[in-house]
Amino acid sequence: MKTTVLSHEPLPYRVLARALTAGYLLAVGLLNGFAQMAEARERVDLIVAGGMVVTMDTARHVIERGAIAVRGDTVVAVGLRSIIDQRYTSEHRIDASDGLILPGLINGHTHAPMTLFRGIADDASLQDWLQKYIFPAEARNVTPDFVTWGTRLACLEMIRSGVTTFADMYYFEDDIARAAKACGMRGILGETIIGSPAPDNKTEEQAFRYTERFVNHWRGDPLIDAAMAPHSIYTCSATLLERSARLARQHQVPILIHLAESQRERNESLARHGLTPVAYLDKLGFLGPDVIASHCIWVDADDTAILVRRQVGCVHNPSSNMQLASGVAPVPLMLASGVRLGLGTDGSAGGNHDLDLMEELSLSTQLQKVTRDDPRALNAEQALEMATIGGASALHMERRIGSLEPGKKADLIVLDLGNSDGIPMYNVYSQVVYSLRARDIRTVVIGGRAVMENRHIVTLDEGQVLERAKDYTAAIRRSLPIAR
Ligand SMILES: [Zn+2]
């Protein structure tokens, strides 16, 4: 109808109307174009931007002025900040300017609730420490409430030192899993099976029933992998070890164990079985690509070959090994042979006194340098590998975590370079391993969720955790046979 009216109008009006229409269409077109450009920026849930990204991917890419885009719990892009900002937009941004963005650290061996026993008995041998102090203290104190508060205290310390995943072995592990998940931490959590009455399960049958319920309960959880943890070859019989491995394989869950930790363990194994601890476990059919073995100190070249062939993950714990005089793991030999090797703190009662994986980084290299009389024995990049992608490989989780790459879980930490230990910086691996400390960790993201932002722990009431830990100190002190 409008066209009909226009056709009867004088020519100048028709020209003017067409010109106005064309102008209007051009303007609308331009506006639409801008809108489409804005829409072309994909919406994501989190962008961490502005720092140097140390990816720990296969090519060891380090991106200056980098950024990471995260959707849900997964990394969708890693690259230059300018490119990430062109392609992605998010309402939640974490500013990592003047900082480093690293994959979250992996603590491959802990007994988290034992943090409440820190300092209970020091300067003792491993056997004395276990038999005279720890086992009696555990019998009197360890309950579901104890492990819950002990785990919260441990998670507080681990988050503050940049740990995003930990592998644990303890009792009432189902309660530990609940506490860890509430803290937002990722974990491979193993219910300890030991050949004597434990604080939670008094018989072998009870222990296996509990463990089956436990692994079934957590199946498919995005953060928690429930596991089985027969304690060691010196506390578990061959039958117990074989049954644990059989059950773990039936349920397709990881198996955690202490292995070749002391010279005594090796000597007793040779005397009883005519085999080294590694060869003995191999003969039992225990070793496989689902096993995570802590320590692996007293291993020779033949043992190392078995560990590689069976794809066993090993975890090195330098503080604990030094404190208990357990020995020095042949880390350079293990790495050169292709052992899956991670880094851990061990529990913070007796062996270690903290859960600070940043400290283990420098100790791991210095222990090798001094004992091998060679400053090249283990370098900073190798140490950081053990705490990130190597640790992921030791836990058989390298497809999910350990490096910052699209498709992997968004577990990352932001470290400050603005403090006195951050300046100057010539080599980023040296800086992280030898100079920076847990106090430089500013922000921790696990599965896309910031659990600590600008040093503020989001998932825990820090004051309450510390108060409850003080209450437990008094109760534990009263329970000890020897006054302390
Ligand atoms: Zn341990």
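By convention here, each chain's residues receive numbers from 1 onward along its written sequence. With pLDDT at 70 or above as the cut-off, local features in this predicted model cover only qualifying residues; side-chain atom pairs require 80 or more to be listed or tallied, and sums for whole chains, interfaces and linings still use all residues. Neither water nor hydrogens contribute to the side-chain values; these are computed over all heavy atoms in the structure.

**Remarks on the packing of helix α5 (residues 144-160) against helix α6 (residues 173-182)**
The convention used is that axes are lines fitted to C-alpha atoms, helices contributing only their stretch in contact, and that angles between N-to-C directions extend from 0 to 180 degrees. Labels follow the DSSP assignment, with helices taken as runs of H or I lasting at least four residues and strands as runs of E lasting at least two, numbered in each case from the N terminus. The contact between α5 and α6 brings their axes to 8 Å, and the two run at 35°. Classified by chirality, the crossing of α6 by α5 is right-handed. Residues P144, V147, T148, T151 and C155 of α5 lie in contact with α6, whose contacting residues are D175, I176, A179 and A180. Ten residue types, Ala, Val, Leu, Ile, Met, Phe, Trp, Tyr, Cys and Pro, are classed as nonpolar, four, Asp, Glu, Lys and Arg, as charged, and the remainder, Gly among them, as polar. For the contact of α5 with α6, the per-class residue count stands at six nonpolar, two polar and one charged. Each crossing is labelled by how the near helix is turned from the far one, with a counterclockwise turn of less than a right angle marking it left-handed and a clockwise turn marking it right-handed. Only heavy atoms matter for contacts: two residues are in contact if any of them lie within 4.5 Å across the pair.

**Quick word on the coordination of the zinc ion**
Coordination sphere of the zinc ion, protein contribution only: H109 (NE2), H111 (NE2), H258 (NE2) and D346 (OD), at 2.1 to 2.4 Å. Because water is not among the atoms used, a metal site may look incomplete, as its donors are only the N, O and S atoms within 2.8 Å, or 3.2 Å for Na, K and Ca. Site description for the zinc ion: donor spacing in sequence, H-x1-H-x146-H-x87-D. Note that H258 is positioned in strand β14 (residues 255-259) and D346 in the loop between β17 (340-343) and α14 (357-372), a separation of 88 residues in sequence. Grouping residues by exposure puts H258 and D346 together as buried. Note on classification: 1.4 Å probe, protein chains only; a residue is buried when its accessible area is under 20% of the maximum for its type, exposed when over 50%, partly exposed between these limits.

**Re helix α15 (residues 380-387)**
Residues that lie three or four places apart on an α-helix share one face, since the helix turns once every 3.6 residues. For α15, the set of buried residues is A380, A383, L384, M386 and A387. One side of α15 holds all its buried residues, which, seen down the axis, span an arc of 155°. In protein, a polar contact means a hydrogen-donor-capable atom and an acceptor-capable atom, both N or O and within 3.5 Å, with residues adjacent in sequence counting only if both atoms are side-chain atoms; elsewhere, any N or O pair within 3.5 Å suffices. The N-capping residue of α15, defined by a side-chain oxygen 3.1 Å from the backbone nitrogen of E381, is N379. Our arc is simply the arc of the directions from the helix axis toward the C-beta atoms.

**Remarks on helix α8 (residues 238-251)**
A helix's residues, less one, multiplied by 1.5 Å, set its expected span. In this model α8 runs 20 Å from its N-terminal to its C-terminal C-alpha over 14 residues, within 8% of the 20 Å that 1.5 Å per residue would give. When we look at burial in α8, the residues that qualify are L240, L241, S244, A245, L247, A248 and H251. Taken around the axis of α8, the buried residues stretch over an arc of 165°, which confines them to a single face. Turned more than 90 degrees away from the buried face of α8 sit T239, R246 and Q250, all of them exposed. Trailing α8 by a residue or two, Q252 shows a phi angle of about 55°, which is positive.

**So, the sheet that holds strand β19 (residues 441-446)**
At least two DSSP bridges between two strands are required for those strands to pair. Read from one edge of the open sheet, seven strands run β4-β3-β9-β18-β19-β20-β21, paired in mixed fashion. Taken across any chain shown, the strands that pair with only one partner, and hence form the sheet edges, are β4 (62-63) and β21 (456-457). Pairing analysis gives two bridges linking strand β20 (residues 449-453) to β21, with the strands arranged antiparallel. If you follow E453 over to β21, its bridge partner there is H456.

**Structural notes on the environment of V328**
Mapped onto the elements, V328 comes out in the loop between α12 (318-323) and α13 (331-337). In this structure, the C-alpha to C-alpha distance between V328 and W298, residues 30 residues apart in sequence, is 8.1 Å.

**Things to note about the nonpolar core**
Buried together is how nonpolar side chains tend to be arranged in soluble globular proteins. Core analysis: the biggest nonpolar cluster contains 118 residues, and F117 and F286 have the highest contact counts within it. Domain assignment of the residues forming this core places at least three in each of domain 2 (41-102 + 404-448) and domain 3 (105-401 + 454-466). Setting aside residues up to four positions removed in sequence, F286 forms contacts with P230, L241, A245, R249, I255, I257, L281 and V291. What makes a nonpolar core is a set of buried Ala, Val, Leu, Ile, Met, Phe, Trp, Tyr and Cys residues whose side-chain atoms join them at distances within 4.5 Å. For every domain, the bounds stem from an assignment made automatically or drawn from a database.

**Some details on the confidence of the model for the protein chain**
The pLDDT value tells you how sure the predictor is about a given residue, anywhere from 0 up to 100. Put simply, the protein chain has an average pLDDT of 92, and 91% of its residues get 70 or more. Ignoring residues within four places in sequence, the model shows residues 1-11, a span with pLDDT below 50, making four contacts including any to other chains.

**Observations concerning the domain arrangement of the protein chain**
How big an interface is tends to be expressed through the accessible area that disappears when the partners come together. Looking at the protein chain, the domain boundaries give domain 1 (10-38), domain 2 (41-102 + 404-448) and domain 3 (105-401 + 454-466). Each of domain 2 and domain 3 has a C-alpha centre, and these two points are 28 Å apart. Taken together, the contact pairs 24 residues of domain 2 with 34 residues of domain 3. Counting each side, the surface lost to burial between domain 2 and domain 3 is near 2300 Å², with a carbon and sulfur contribution of 64%. The term salt bridge refers to a side-chain nitrogen of Lys or Arg lying within 4 Å of a carboxyl oxygen of Asp or Glu. At the junction of domain 2 and domain 3, the tally comes to three salt bridges. Buried area adds together the accessible area that both of two parts lose upon being put together, with accessible area traced by a 1.4 Å probe.

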